[in-house]
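For reference, the chains in residue letters:
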Amino acid sequence: MLAGDMYAPGKIRLIEVAEPVLAINPPDGVSGQIIFQPETTCLCGSDLPYFNGWDEWPIEVGHSLHEMIGTVTATNGKRWKVGDRVLAVPTMQQGLFERYVLDENRAIDIATNVPEDQALMAQPLGTALFALKKLPNILDLDVAVVGQGPMGQLMNASLRNMGARYVIGIDLLESRLKVSPKMGTTATVCNAKQDPVAAVREILSGNLPDIVIECVGHADQQFNLCIDLCRQNGRLLFFGVPPRIINDMRWRDLFFKNVTVHTSVNPDFRKEFPLAMQWIREGRVNVAPIITHRFPLARLQEAFETFRDRKEGAIKVIVDFPARRK
């Protein structure tokens with residue numbers, strides 16, 4: 001079967017590997033396992049460090065995919081049966097296999113009343129909901145979302161659904177800001193053309209937001225801009241995956257503003273992902289506007305390049321495995 005091999009920075013190829021083997025009984029401490037066969041997946045910003053090459057974690061065969069819908073082909077547990085369709089999240093983002101073994105508790109039911117590429121968005125949406133639960137009641141608060149990539153857009157939709165008064169999307173790319181109103185923003189700011197702090201003050205009648213959310217992360221993180229945007233005694237949710245060290249971070253400015261900082265990682269499979277799927281199933285959020293590109297697995301190199309380089313307004317890039325049902 002095929003697996004992904006990120007053999008050099010910015011380079012990925014498909015190689016042949018052995019089929020996974022499921023033990024007769026699950027290992028100690030695990031209720032059951034499945035062999036999961038991906039059919040539809042999408043790229044995430046946290047996949048790009050593996051693709052671009054880095055030295056913080058080892059890059060191994062199977063890196064990097066982790067947002068996936070597919071079929072259970074075998075099990076030694078009781079939660080799923082062969083043929084069940086599920087959304088699954090592999091450990092350590094090693095999901096770039098045609099089939100792999102997975103803890104049965106790292107999978108959830110999928111909505112069947114929407115296209116599967118929309119149901120797939122329950123994975124990233126679930127991470128947004130997990131993060132937002134760490135904040136106070138959003139009702140009637142003003143929020144700025146820095147970064148209008150996939151996660152920033154899902155934050156917009158969630159915040160609007162939770163009753164924020166203003167949701168201000170901020171990004172360097174106008175192509176992304178054109179999508180933001182469809183995902184719930186009440187205003188947008190292109191910080192490639194405007195002073196973002198001055199623009200936000202104008203929108204908020206001289207004030208700054210109650211909450212600022214960083215949705216960029218990695219090497220392009222915008223911590224200092226978020227500090228500038230925070231009001232006195234405000235809150236900053238750093239959602240984007242940060243680099244190990246952030247140089248020149250103006251922590252003292254944050255300190256004197258008395259800002260509360262929140263971080264977020266590793267949602268609960270029993271709560272956030274099922275809740276996100278419920279929101280999509282019930283039509284509480286429309287995730288369709290962020291799905292912009294689709295590629296077959298054979299064009300995986302092109303898919304990663306399109307996503308990394310934000311070509312043609314790319315936001316969420318879908319990749320279809322050979323097993324995908326037509």
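To be clear, the structure that these remarks concern was listed above.
Figured I'd write up the structure that's included with this text. Computed from a prediction, not measured in an experiment: that's the story for all the values here.

## Side note on the sheet that holds strand β11 (residues 211-214)
Thought 1: Read from one edge to the other, the open sheet built from six strands follows the order β10-β9-β8-β11-β12-β13, with strand pairing classed as parallel. Whereas interior strands pair on both sides, the edge strands pair on one side only; in this sheet they are β10 (187-190) and β13 (260-263). Neighbour-to-neighbour, the strand axes of this sheet turn through a mean angle of 20 degrees, independent of strand direction.
Thought 2: With four bridges connecting them, strand β8 (residues 142-146) and β11 associate as parallel partners. When the bridges of β11 are listed, Val143 appears paired with Ile211.

## Focus: the pairing of β8
Thought 1: Of all five residues in β8, five are buried; the element is thus mostly enclosed.
Thought 2: Judged by which residues are buried, β8 turns out to be covered on both faces: Asp142, Ala144 and Val146 on one side and Val143 and Val145 on the other are all buried.
Thought 3: In this sheet, strand β9 (residues 166-171) lies alongside β8 in parallel orientation, the contact comprising five bridges. Its bridge partner lying in β9, Asp142 is registered against Tyr166.
Thought 4: Since β8 and β9 lie parallel, the crossover through helix α4 (residues 150-161) that links them has a hand, and here it is right-handed.

## Brief notes about the side chain of Gln93
Thought 1: Tracing the backbone shows Gln93 in the loop between β5 (85-88) and β6 (100-103).
Thought 2: There is a polar contact of 2.9 Å between the side chain of Gln93 and the side chain of Ser64.
Thought 3: For Gln93, the residues in contact, after removing those within four places along its chain, are Ser46, Asp47, Tyr50, Gly62, His63, Ser64, Leu65 and His66.

## Quick look at the packing of aromatic side chains
Thought 1: Under the defined criterion, the tally for this structure stands at nine aromatic pairs.
Thought 2: An aromatic cluster of at least three residues, connected via ring pairs, comprises Phe36, Phe97 and Tyr100.
Thought 3: Arg13 extends its terminal NZ or CZ atom over the ring of Tyr7, reaching a point 4.1 Å from the ring centre.

## Re the nonpolar core
Thought 1: In this structure, Met121, Met155, Leu159 and Ile213 are the most contacted members of the largest nonpolar core, which totals 47 residues.
Thought 2: Listed by contribution, the elements that provide at least two residues to this core are α3 (122-132), β8, α4, β11 and α9 (272-282).
Thought 3: Excluding its chain neighbours within four sequence positions, the residues that come into contact with Leu159 are Leu132, Ile138, Val143, Val145, Ala164, Val167 and Ile213.
Thought 4: Counting 31 residues, the second largest nonpolar core, distinct from the first, contains Met1, Ile12, Leu65 and Val86.

## A word on the pattern of salt bridges
Thought 1: One pass over the full model with this rule turns up 19 salt bridges.
Thought 2: Between Glu116 and Arg85 there is a salt bridge, with its nearest N and O atoms 2.6 Å apart. Residue Glu116 is found in helix α2 (residues 116-119), and its partner Arg85 is found in strand β5; the two are separated by 31 residues along the sequence.
Thought 3: Taking the relative accessible area as the measure of exposure, Glu116 reaches 26% and is therefore partly exposed.
Thought 4: For Asp268, the salt bridge goes to Arg270, with nearest N and O atoms at 2.8 Å.
Thought 5: Where salt bridges share partners, they join Asp117, Arg294, Asp320 and Arg324 into one cluster.

## A look at helix α6 (residues 196-203)
Thought 1: When α6 is considered as a whole, its buried residues turn out to be Pro196, Val197, Ala199 and Val200. Mapping the buried residues of α6 onto a view down its axis gives an arc of 165 degrees, with all of them on the same face.
Thought 2: On its buried face, α6 is in contact with β9, β10 and α7 (223-229).
Thought 3: The distance from a side-chain oxygen at the start of α6 to the backbone nitrogen of Val197 is 3.0 Å, and the residue carrying that oxygen is Asp195.
Thought 4: Following α6 by one or two positions, Ser205 has its phi on the positive side, about 55 degrees.

The rules behind the values
- Residues numbered from 1 in each chain as written.
- Predicted model: local features only at pLDDT ≥ 70, side-chain atom pairs only at ≥ 80, totals over all residues.
- Heavy atoms only, no water.
- Pairing = 2+ DSSP bridges.
- Helix = DSSP H or I, 4+ residues; strand = E, 2+ residues; numbered from the N terminus.
- Axes fitted to C-alpha atoms, helices over the stretch in contact; angles between N-to-C directions.
- Buried < 20%, exposed > 50% of the residue type's maximum accessible area, 1.4 Å probe, protein only.
- Right-handed = clockwise from strand over helix to strand, strands pointing away.
- Polar contact = N/O pair within 3.5 Å; in protein donor to acceptor, adjacent residues only side chain to side chain.
- Contact = heavy atoms within 4.5 Å.
- Phe/Tyr/Trp six-rings, centres within 6.5 Å; stacked < 30°, edge-to-face > 60°.
- Lys NZ or Arg CZ within 6 Å of the ring centre and 35° of its normal.
- Core = buried A, V, L, I, M, F, W, Y, C linked by side-chain atoms within 4.5 Å.
- Salt bridge = Lys/Arg side-chain N within 4 Å of Asp/Glu carboxyl O.
- Arc of directions from axis to C-beta.

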